[in-house]
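Descriptive analysis of the structure
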Amino acid sequence: MTGNSPAEIFASPQLGEILRQYVANSRWFRAKTRAIAKIEIEDEFAFARAGAFILVLKIVYEDGDRDWYILPASVSRKSAETIARVTLQDQDAALYNALADEAFRSSLLHAIACNEKVTGRTATLVASRTAALQEECGAEAPESFVSRAEQSNTSIVYRDRYILKLFRKLEQGINPDVEIGNFLTARGFRNTPAVLGNIEYQRNGKRHAIGLLQQFVPNQGDAWKYTLDSLAGFFKRAIESGQNPPPRLTDHPLELADTAVPPQIESLIGPYIASARLLARRTAEMHQALCDPDGGPDFAPEPFTTEERERLYRDLLGQSDIAFELLRRKQAVLTGSTAEAARQLLHIESRVSERFRAIQQHEFQTVRIRHHGDYHLGQVLFTGRDFMIIDFEGEPARPLAERRAKAFALRDVAGMVRSFQYAAFSALFGQVPGVPAEIEPRRQIEAWAAAWNAYVSAAYLQSYFEAAAGAPFIPQTVVERRLMLDAFLLQKALYEVAYELNNRPDWLQIPLQGILGLMR
């Protein structure tokens, strides 16, 4: 590709062909199973201070469907994260990822601090700050780097002060991560990073979130890492104690929540029991902040109507149909205990549907609220003393409208309970420090993992319901709590069955055992 300017290079028909492979192999591209027919540069926004651009890519798939993504890019004779070799003014140069440049990263922060607008060919990028941002317009930006922790989004960390999340896929409408973050910041909720600014792509009166600037929270990693580190100590103490693991509990998690953790188990688990209780309180406080009757139409709680009950029932059945159909198709390739667990689950498929039908038939005295939507240990940061809840974007596979819809608070609670089971049983796959995957006897590890999961989940549930007592988003009777919690635990586990069948068949036994345990 040749040109006398970056704009001429962006207009080259060759560029789209080069970008096909680059995009398909990028971590942030979500549709890796879809064949790309072509890529076009639909718009470009120049950041003159950095000599860089944000390109809007129109990605057309072979089935005719299309998506739009952003690509920060620059053309220069220096070498960086090269996308393609080009010729600029008759000299060798490179089209490269502009995020590799400190100057471009600084320009993004400058744009937010100064409420800048950048005009493209067909649209405008609008950057804006919130009242919480103390950075002055024109101030020198802190040193920055690109985080490698995320997949579908890209984050820039500005030393220990800010973090800017770039949403690579353009989705029309209000992004729930931006919306909920702003809402919680305005209400002084202290256990999520404060929102400091936003960047939007605006075209023909339609809005698409591109960037979210938040307060950087010093942390020791996410709660998943903290939990695995805590589990390492638990398994070490349990094995060295010489005790036999307790028999697998058959009590429902809500029943177990009404009983005290046996002293010997609490001693083995250690301080994580207190951590689970603290996390539960923060979860309840988040839900209380989101359940604001004065929050306007997008946040005010709403009743659980007959129509909503039918919609939820269809959603639950839909997830069940996906998981069971996939399990039937792939059952023949499963082996050992996983195959046996799959056979048992397929045998009781109708009973799972009956659990969901109970939701359809019961009139719940509770309300629907805005919620996290994809709540698990990986969506929480551990500061060393407390927890910070992050990433309110919801499940990426769901349409934006669904991710913004009001639902039951217990859906978040179920997601965290499922995450506890995943953490405990990940020890079987070498994920817990000090517990190799081939450790024997394996059944002993399974039994200790089951005990940890049971009592940690019970402590979390007990603390959550205590902190949320009397709140309108909590079912007030034990029967209603159990019906709703079971439905969401089953839905989440069925989603995990489909995911593991497609991605990690070895891990399939975790959600299978979770479902079978609930169906006892």
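A brief look at the structure comes next. Note that the structure is predicted; figures quoted are calculated from it, not measured.

One finds Phe235, Tyr464 and Phe473 to be the most contacted residues of the largest nonpolar core, which totals 112 residues. Apart from residues no more than four positions distant in its own chain, Phe473 is found in contact with Ala284, His287, Gln288, Cys291, Thr366, Val367, Ile369, Ala409, Tyr464 and Ala468. Within the second largest apolar cluster, 33 residues are counted, among which are Ala98, Ala113, Tyr158 and Ile210.

In terms of residue burial, strand E3 (residues 52-61) counts as a mostly covered element, since 10 of its 10 residues are buried. Alternating residues of E3 divide into Ala52, Ile54, Val56, Lys58 and Val60 and Phe53, Leu55, Leu57, Ile59 and Tyr61, and every residue in both groups is buried. Where strand E2 (residues 36-47) lies against E3, 10 bridges are found, and the strand directions are antiparallel. Following the sheet pairing, Ala46 is matched in E3 by Phe53. Connecting E2 to the next strand, E3, in antiparallel fashion are four residues, including Gly51 with a positive phi near 60°. Relative to strand E4 (residues 66-76), E3 is paired through eight bridges, and the arrangement is antiparallel. Within E4, the position partnered with Leu57 by the bridge is Tyr69. Two successive antiparallel strands, E3 and E4, enclose a turn made up of four residues, where Gly64 displays a positive phi of approximately 95°.

Right, let's get into helix H14 (residues 442-467). Helix length check: H14 (26 residues) gives 37 Å between terminal C-alpha atoms against 38 Å at 1.5 Å per residue, within 8%. By the criterion of burial, H14 is predominantly enclosed, with 19 of the 26 residues buried.

Across the sheet, seven strands lie side by side as E7-E8-E12-E13-E11-E10-E9; this open sheet has antiparallel pairing. Because the sheet does not close on itself, it has two edges, and the strands there are strand E7 (117-119) and strand E9 (144-146). On average, each strand axis in the sheet is tilted by 15° relative to the strand beside it, whichever way the strands run. Sheet topology places E7 next to strand E8 (residues 124-129); three bridges connect them, and they run antiparallel. In the strand pairing of E8, Thr119 is matched with Thr124. The sheet contacts of helix H4 (residues 176-186) involve strand E11 (162-167), strand E12 (195-203) and strand E13 (206-215), and relative to E12 the element is tilted by about 145°.

Let's shift gears to the side chain of Gln421. Structurally, Gln421 is set in helix H13 (residues 409-425). Classification of Gln421 by relative accessible area gives buried; the value is 5%. One polar contact links Gln421 to Arg418, side chain to side chain, over a distance of 2.3 Å. With near-sequence residues (within four places) excluded, Gln421 lies in contact with Asn453, Ile510, Gln513 and Gly514.

Let us now look at helix H3 (residues 102-113). With 12 residues, H3 extends 17 Å from end C-alpha to end C-alpha; this agrees with the ideal 16 Å at 1.5 Å per step. The buried count for H3 comes to 10 of 12 residues, which makes it a mostly enclosed element. Of the residues trailing H3, Asn115 is marked for its positive phi of about 50°.

The next thing to look at is the packing of helix H5 (residues 223-241) against H14. Put simply, H5 and H14 touch, their axes get as near as 11 Å, and they point 125° apart. Judged by the inter-axis angle, H5 sits oblique to H14. Our pair here, H5 against H14, has a crossing hand that is right-handed. Touching Thr227, Leu231, Phe234, Phe235, Ala238 and Ile239 of H5 are Ile445, Trp448, Ala449 and Trp452, all from H14. For the contact of H5 with H14, a count of residues per class yields nine nonpolar, one polar and no charged.

Let us now look at the pattern of salt bridges. Charged atoms that come close allow side chains of opposite charge to pair. Counting across every chain of the model gives 43 salt bridges. Linking Asp63 and Arg34 is a salt bridge whose minimum nitrogen-to-oxygen distance equals 2.9 Å. Of this pair, Asp63 sits in the loop between E3 and E4 while Arg34 sits in the loop between helix H2 (13-24) and E2, and the two are 29 residues apart along the sequence. By relative accessible area, Asp63 is classed as exposed at 57%. By relative accessible area, Arg34 is classed as partly exposed at 26%. Close ionic contact of Asp229 with Lys225 constitutes a salt bridge, the shortest N to O distance being 3.0 Å. Taken as a pair, Asp229 and Lys225 lie in helix H5 at a separation of four residues, close to a single helical turn.

This paragraph deals with the packing of helix H10 (residues 336-347) against helix H16 (residues 509-518). Running from amino to carboxyl end, H10 crosses H16 at an angle of 40°, the nearest separation of the two axes being 10 Å. Classed by the angle they form, the pair H10 and H16 counts as oblique. The interaxial crossing formed by H10 with H16 has left-handed handedness. Contacts between H10 and H16 pair Ser337, Thr338, Ala341, Ala342, Gln344 and Leu345 from the former with Gln509, Leu512, Gln513, Ile515 and Leu516 from the latter. Here the residues of the contact of H10 with H16 are counted per class, giving six nonpolar, five polar and no charged.

Before going further, it helps to examine the environment of Val217. The topology assignment puts Val217 in the loop between E13 and H5. Along the chain, Val217 and Ile239 lie 22 residues apart, while their C-alpha atoms are 36 Å from each other. Among residues more than four places away in sequence, those in contact with Val217 are Pro193, Thr383 and Met388.

Let's shift gears to the packing of aromatic side chains. Here the structure, examined in full by the defined rule, presents 21 aromatic pairs. Their ring planes at 85° and their centres at 5.0 Å tell us that Phe10 and Phe53 sit as a pair that is edge-to-face. In this pair, Phe10 is assigned in helix H1 (residues 6-10) and Phe53 in strand E3, connecting sequence segments 43 residues apart. When its relative accessible area of 3% is taken as the criterion, Phe10 is described as buried. Counting every residue linked through ring pairs, the aromatic cluster contains Tyr226, Tyr272, Phe382, Phe387, Phe420, Trp452 and Tyr460.

Conventions adopted
- Residues numbered from 1 in each chain as written.
- Predicted model: local features only at pLDDT ≥ 70, side-chain atom pairs only at ≥ 80, totals over all residues.
- Heavy atoms only, no water.
- Core = buried A, V, L, I, M, F, W, Y, C linked by side-chain atoms within 4.5 Å.
- Buried < 20%, exposed > 50% of the residue type's maximum accessible area, 1.4 Å probe, protein only.
- Contact = heavy atoms within 4.5 Å.
- Helix = DSSP H or I, 4+ residues; strand = E, 2+ residues; numbered from the N terminus.
- Pairing = 2+ DSSP bridges.
- Expected span 1.5 Å × (residues − 1).
- Axes fitted to C-alpha atoms, helices over the stretch in contact; angles between N-to-C directions.
- Polar contact = N/O pair within 3.5 Å; in protein donor to acceptor, adjacent residues only side chain to side chain.
- Parallel < 35°, antiparallel > 145°, perpendicular 65-115°, else oblique.
- Left-handed = near helix turned anticlockwise from the far one by under 90°.
- Nonpolar A, V, L, I, M, F, W, Y, C, P; charged D, E, K, R; others polar.
- Salt bridge = Lys/Arg side-chain N within 4 Å of Asp/Glu carboxyl O.
- Phe/Tyr/Trp six-rings, centres within 6.5 Å; stacked < 30°, edge-to-face > 60°.

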